[in-house]
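Chain residues, written in single-letter form:
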Amino acid sequence: MPVTVKEPAAAAGPGPGGRKTGPQRRRRRGGGLARLGPLPWIAPAILLIVVVVLWPIYELIRTSFLNVSISGFVRGSAGTEKYRQLFDESGFGSVLTMTVIWTIAVVGVTMLLSLGLAQLFNKPFPGRTLTRWALIAPWAASVLMTAIGFRWMLDQTAGVLNTLMTDIGLIDGPKDWLGDPATAWPWMMFVAVFVSLPFTTYTLLAGLQTIPHEVYEAARIDGANSRQTYWRVTVPLLRPAFLVGFVINLINVFNSFPVIWAMTKGGPGSDTATTTVFMYQLKDTDIGESAAMSVVNFAMVVVLVLIFLKVSRWNKEDA
């Protein structure tokens, strides 16, 4: 019986006149797009980052090396003179010190309170929904509006706090709470914690609610008590949410401006100023020096975040 052998299909070649055929052109175009990979999809995001983030950073650094008039005209290069002037400012050292204290105190208290509130809101109790909504109020309101409200409450002549404390005999007469740095700092820190609590609390609450109940059941079966379960189950699994809340809160508090400016404007002098407020104060006398302070402030934030991420081993799996 004769066997029919099929001829192998001829390789697709150029069409008449050496031109590429339709399928070949489509494959060629597809290969070009494949080589670009996800670039066409992320190009808008990259452009946004360049325009909104990288370009302002470049302009900020460039301005710190220029001699700029108050009206904004560039008078030429200043070299590193603006940085030397900044470091020679009489209040520069105290501003740096108070900025570090401000950041550590506000972030530390905020994270501790948020952790307790998140664990409370994660448990069922009467009125839980109402209290959850109530916590959003400081977050929903403008930070500037909240700070101004507290400034009015602490006013020396018409503030409700002085009136109340005088009436019940806690103080002999009206006190200038915001005029004295010794009392102004604690009140500003209180307001900063007050407006920071909602975000960090809800971040940690979201982290707690993603922990499977089966993990806790397995821990109980293994004989772990409440303390062991908390430190060996809850804390490690809550770590990603804690890191997110901590880093974002650290950046926000370090760069906090509305609370301090609305309550004391950094005064008297620069006694209640952080680096952000001090930078804003410098703009009225020397734009280049203010830009130099901005660069130093940005560098400090980056260093603080990198140190924390390194210490917390954020990109390594738990052993």
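Data block above holds the structure.
Residues numbered from 1 in each chain as written. Predicted model: local features only at pLDDT ≥ 70, side-chain atom pairs only at ≥ 80, totals over all residues. Heavy atoms only, no water.

**Student:** Give me the overall build of the chain: which residues, what numbers.
**Tutor:** Each helix and strand counted, the chain has 13 helices and two strands in total. The proportion of buried residues among the 319 residues of the chain is 34%. The long-range fraction of contacts in the chain, counting pairs at least 24 apart against all pairs at least 6 apart in sequence, stands at 65%. In the structure as shown, the chain presents an accessible area of about 20000 Å², 67% of it carried by carbon and sulfur atoms. (Helix = DSSP H or I, 4+ residues; strand = E, 2+ residues; numbered from the N terminus. Buried < 20%, exposed > 50% of the residue type's maximum accessible area, 1.4 Å probe, protein only. Contact = heavy atoms within 4.5 Å. Areas by Shrake-Rupley, 256 points an atom, 1.4 Å probe, with all protein chains shown as cover.)

**Student:** Quick one: what's the story with the pattern of salt bridges, residue by residue and with numbers?
**Tutor:** Enumeration according to the criterion identifies four salt bridges in this entry. We note a salt bridge from Arg62 to Glu59, for which the minimum N-O separation is 2.9 Å. Of the two residues, Arg62 and Glu59 both sit in helix H2 (residues 39-63), three residues apart, roughly one turn of that helix. A salt bridge links Glu81 to Arg84; its shortest N-O distance comes to 2.4 Å. Of this pair, Glu81 and Arg84 both sit in helix H3 (residues 81-88), separated by three residues, roughly a single helical turn. Relative accessible area serves as the criterion here: at 30%, Glu81 is assigned to the partly exposed category. A single network of salt bridges, built from pairs that share partners, joins Glu81, Arg84 and Asp88. (Salt bridge = Lys/Arg side-chain N within 4 Å of Asp/Glu carboxyl O.)

**Student:** Could you give an account of the packing of helix H6 (residues 143-153) against helix H8 (residues 181-209), naming the residues involved and the relevant values?
**Tutor:** A pair of packed helices can be characterised by two numbers: the angle between their axes and the separation between those axes. At their nearest, the axes of H6 and H8 sit 11 Å apart, and the two run at 145° to each other. In this structure, H6 crosses over H8, and the sense of that crossing is right-handed. Across the interface between the two elements, Val143, Thr146, Ala147, Phe150 and Met153 from H6 touch Trp187, Phe190, Val191, Phe194 and Val195 from H8. When its residues are assigned to classes, the contact of H6 with H8 shows nine nonpolar, one polar and no charged. (Axes fitted to C-alpha atoms, helices over the stretch in contact; angles between N-to-C directions. Left-handed = near helix turned anticlockwise from the far one by under 90°. Nonpolar A, V, L, I, M, F, W, Y, C, P; charged D, E, K, R; others polar.)

**Student:** Any details on helix H10 (residues 226-254)? Residues and values, ideally.
**Tutor:** With 29 residues, H10 should cover 42 Å at 1.5 Å per step; its first-to-last C-alpha distance of 36 Å lies more than 12% under that length. Regarding H10, its N-cap is Asn225, as a side-chain oxygen of that residue lies 3.2 Å from the backbone nitrogen of Arg227 further along. (Expected span 1.5 Å × (residues − 1). Polar contact = N/O pair within 3.5 Å; in protein donor to acceptor, adjacent residues only side chain to side chain.)

**Student:** Just give me the short version of the nonpolar core, but keep the residues and values in it.
**Tutor:** The nonpolar side chains of a soluble globular protein tend to be buried with one another. With 61 residues, the main nonpolar core has Leu86, Trp102 and Met263 as its most contacted residues. Residues contacting Leu86, with those up to four places away along its chain left out, are Phe92, Phe278, Leu282, Glu289, Ala292, Met293 and Val296. (Core = buried A, V, L, I, M, F, W, Y, C linked by side-chain atoms within 4.5 Å.)

**Student:** How would you explain the side chain of Gln281 if you had to name every residue and give the values?
**Tutor:** Within the fold, Gln281 resides in helix H12 (residues 275-282). Here Ser270 takes part through its side chain, which lies 2.9 Å from a polar atom of the side chain of Gln281. Excluding residues within four positions of it along the chain, Gln281 makes contact with Trp261, Lys265, Gly266, Gly269, Ser270 and Ala273.

**Student:** Break down the packing of aromatic side chains for me, with residues and values.
**Tutor:** Evaluated as defined, the whole model comprises 13 aromatic pairs. Linked through ring pairs, Phe150, Trp177, Trp187, Phe190 and Phe194 together constitute an aromatic cluster. The ring of Tyr280 is capped by Lys283, whose NZ or CZ atom sits 4.6 Å from the centre of that ring. (Phe/Tyr/Trp six-rings, centres within 6.5 Å; stacked < 30°, edge-to-face > 60°. Lys NZ or Arg CZ within 6 Å of the ring centre and 35° of its normal.)

**Student:** Help me get a handle on the environment of Trp187, residues and values and all.
**Tutor:** The topology assignment puts Trp187 in helix H8. In this structure, the C-alpha to C-alpha distance between Trp187 and Leu154, residues 33 residues apart in sequence, is 9.0 Å. The residues contacting Trp187, other than those within four sequence positions of it, are Met153, Leu154, Leu161, Trp177, Leu178 and Met263.

**Student:** Lay out unusual backbone geometry in plain terms, naming residues and giving numbers.
**Tutor:** The phi angle of most residues is negative, glycine excepted, and most peptide bonds adopt the trans form. For the peptide bond that leads from Gly267 to Pro268, omega is 0°, which places it in the cis range. With respect to the element layout, Pro268 can be found in the loop between helix H11 (258-263) and H12. Positive phi values are uncommon outside glycine, yet Lys265 reaches one of about 55°. By the secondary structure assignment, Lys265 is in the loop between H11 and H12.

**Student:** Please set out the side chain of Lys82 residue by residue, giving values where relevant.
**Tutor:** Along the polypeptide, Lys82 turns up in helix H3. Among the polar contacts listed, one links the side chain of Lys82 to the side chain of Asp286, at a separation of 2.8 Å. Setting aside anything within four residues of it in sequence, one finds Lys82 in contact with Ser64, Leu66, Asn67, Asp286, Gly288, Glu289 and Ala292.

**Student:** Can you explain the packing of helix H9 (residues 213-221) against H10? Please cite residues and give values.
**Tutor:** It is at 11 Å that the axes of H9 and H10 come closest, and there the two elements cross at 160°. By the angle between their directions, the pair H9 and H10 is classed as roughly antiparallel. For H9 against H10, the interelement crossing comes out right-handed. Residues Val215, Tyr216 and Ala219 of H9 touch H10, and the partners they reach there are Thr229, Val233, Thr234 and Leu237. (Parallel < 35°, antiparallel > 145°, perpendicular 65-115°, else oblique.)

**Student:** Residue-level account of the pairing of strand E2 (residues 74-77), with values.
**Tutor:** Direction of pairing for strand E1 (residues 66-68) relative to E2: antiparallel, over a ladder of two bridges. Residue pairing in the sheet places Leu66 in a bridge with Ser77 of E2. In textbook terms, the turn of a hairpin is the stretch between consecutive antiparallel strands, and for E1 and E2 this stretch comprises five residues, one of which, Gly72, has a positive phi near 100°. (Pairing = 2+ DSSP bridges.)

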